[in-house]
Amino acid sequence: YGVGNVSIGKFSESDDCDEAFATEILKETISRDNIAPDGTGATVKFNKVSSPDYANERYTVSVGEDEIIITAASRICLIYGAITLSQIGKNGKFPICEIDDMPDLCMRGFHMGLPRVDRIPFAKNLFRYVLLPLRYNHLIIEFNGAMRFDRHPLISQKWAEAEEKFRKGLQPRIQHSEMGADGTVLEKSDVRDLIDYARELGFEIIPEVQSFGHVQYITNAYPEIAEVKKKEEIQNDLRLADAHPDTF
């Protein structure tokens, strides 16, 4: 840290889409703290580089009397720099300093299921206002039966029917359906909207397809392919999601 504080005077314009996007993120972030450029302070500049010095998600924030420069090699790291700058500011003033930051772990993932369609705005806010400030970089999204199957529509139909039976107390939930849009079915366009927004923020998306131990959403629709126990076990506690699929 140096001596003194500076305010933001203006933002440098850029033709680079990642620099421009990070600029808009910073503008929106500081506006929520009622901070606005005063026209007389330092100029904020985002600088995307391809140098190996900025490998492994390193980013730097240099706050000087006349210029604030945020340097990184990717969109999401430029955003990390923007968030870092906003976090060290107070009452519209930013300390003169040099920040050099890099994560210890290359993968910082958040595992989630698909939200209900009416909760997609909440999921977007989670990405933007919680996961980005916490420096996450991967989203592991489990979709099981919650995204419509066009070529196998019975999976989607039985998925929704099973949730309705659960709510009536007639059977346990299909495994992980509470993570799968609460047993509802999203259209591919809904999922694409969510994923496009996450990628715009710089997240890497890892779709999670359930393995053979967790495919009740398939065997519920096609019980003939399920492995059936010779002696059926009746599960009386309908709250449990791990009941054997052949029971129902």
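In case you missed it, the structure is sitting above this.
Residues numbered from 1 in each chain as written. Predicted model: local features only at pLDDT ≥ 70, side-chain atom pairs only at ≥ 80, totals over all residues. Heavy atoms only, no water.

## Observations concerning the packing of aromatic side chains
Each pair of aromatic rings is reported with the distance of its centres and the angle of its planes. For the structure on display, the rule yields 4 aromatic pairs. Residues Tyr59 and Tyr80 carry aromatic rings whose centres are separated by 6.2 Å and whose planes lie at 55° to one another, so their mutual orientation is tilted. Residue Tyr59 is found in strand β4 (residues 59-63), and its partner Tyr80 is found in helix α2 (residues 75-88); the two are separated by 21 residues along the sequence. Neither residue differs from the other here; Tyr59 and Tyr80 are each classed as buried. With a centroid separation of 6.1 Å and 85° between ring planes, the pair formed by Phe110 and Tyr136 is classed as edge-to-face. In this pair, Phe110 is assigned in strand β8 (residues 109-113) and Tyr136 in the loop between α3 (120-131) and β9 (138-142), connecting sequence segments 26 residues apart. The ring of Tyr54 carries Arg58 above its face, with NZ or CZ at 4.5 Å from the centroid. One residue, Arg75, lies across the ring of Phe21, its end atom 4.3 Å from the ring centre. (Phe/Tyr/Trp six-rings, centres within 6.5 Å; stacked < 30°, edge-to-face > 60°. Helix = DSSP H or I, 4+ residues; strand = E, 2+ residues; numbered from the N terminus. Buried < 20%, exposed > 50% of the residue type's maximum accessible area, 1.4 Å probe, protein only. Lys NZ or Arg CZ within 6 Å of the ring centre and 35° of its normal.)

## Observations concerning the environment of Phe143
The topology assignment puts Phe143 in the loop between β9 and α4 (153-167). Measuring from C-alpha to C-alpha, the distance between Phe143 and Ser31 comes to 35 Å, with 112 residues separating the pair along the chain. Not counting chain neighbours up to four residues away, the residues in contact with Phe143 comprise Leu114, Pro207, Glu208 and Val209. (Contact = heavy atoms within 4.5 Å.)

## A closer look at α2
With 14 residues, α2 extends 20 Å between its outermost C-alpha atoms, agreeing within 8% with the 20 Å of an ideal straight helix rising 1.5 Å per residue. The buried fraction of α2 is high, at 12 of 14 residues. Within the sequence span of α2, burial applies to Arg75, Ile76, Cys77, Leu78, Ile79, Tyr80, Gly81, Ala82, Ile83, Thr84, Leu85 and Ser86. (Expected span 1.5 Å × (residues − 1).)

## Describing the nonpolar core
Counting 59 residues, the largest nonpolar core has Leu114, Phe127 and Phe203 as the members making the most contacts within it. The leading source of residues in this core is α2, at 8 residues. Filtering out sequence-adjacent residues up to four positions away, Phe203 remains in contact with Ile76, Phe127, Leu131, Leu132, Tyr136, Asn137, His138, Leu139 and Ala198. (Core = buried A, V, L, I, M, F, W, Y, C linked by side-chain atoms within 4.5 Å.)

## Here we look at the sheet that holds strand β10 (residues 204-208)
Strand order in the open sheet formed by 3 strands is β8-β9-β10, with parallel pairing between adjacent strands. A strand with exactly one partner marks an edge of an open sheet, and here the two such strands are β8 and β10. Strand-to-strand, the axes of this sheet are offset by a mean angle of 25°, without reference to chain direction. Direction of pairing for β9 relative to β10: parallel, over a ladder of 5 bridges. Looking across to β10, one finds that Leu139 is bridged to Ile205. (Pairing = 2+ DSSP bridges. Axes fitted to C-alpha atoms, helices over the stretch in contact; angles between N-to-C directions.)

## A word on the packing of α3 against helix α5 (residues 188-200)
Relative orientation and spacing of two packed helices are given, respectively, by the angle between their axes and the distance between those axes. One can describe the packing of α3 onto α5 by two numbers: an axis separation of 10 Å at closest approach and a directional angle of 15°. Regarding the angle of α3 to α5, the classification is roughly parallel. Between α3 and α5 the crossing geometry is right-handed. Residue-level contacts link Ile120, Ala123, Lys124, Phe127 and Arg128 of α3 to Asp190, Asp193, Leu194, Tyr197 and Ala198 of α5. For the contact of α3 with α5, the per-class residue count stands at 6 nonpolar, no polar and 4 charged. (Parallel < 35°, antiparallel > 145°, perpendicular 65-115°, else oblique. Left-handed = near helix turned anticlockwise from the far one by under 90°. Nonpolar A, V, L, I, M, F, W, Y, C, P; charged D, E, K, R; others polar.)

## Re the pairing of strand β3 (residues 42-48)
Examined bridge by bridge, strand β2 (residues 8-11) and β3 share 3 bridges and lie parallel to one another. Bridging from a neighbouring strand, Phe11 pairs with Val44 of β3. Running through helix α1 (residues 17-31), the crossover from β2 to the neighbouring parallel element β3 is left-handed. In terms of strand pairing, β3 meets strand β5 (residues 67-72) through 6 bridges, oriented parallel. Bridge assignment links Thr43 to a residue of β5, and that residue is Glu67. (Right-handed = clockwise from strand over helix to strand, strands pointing away.)

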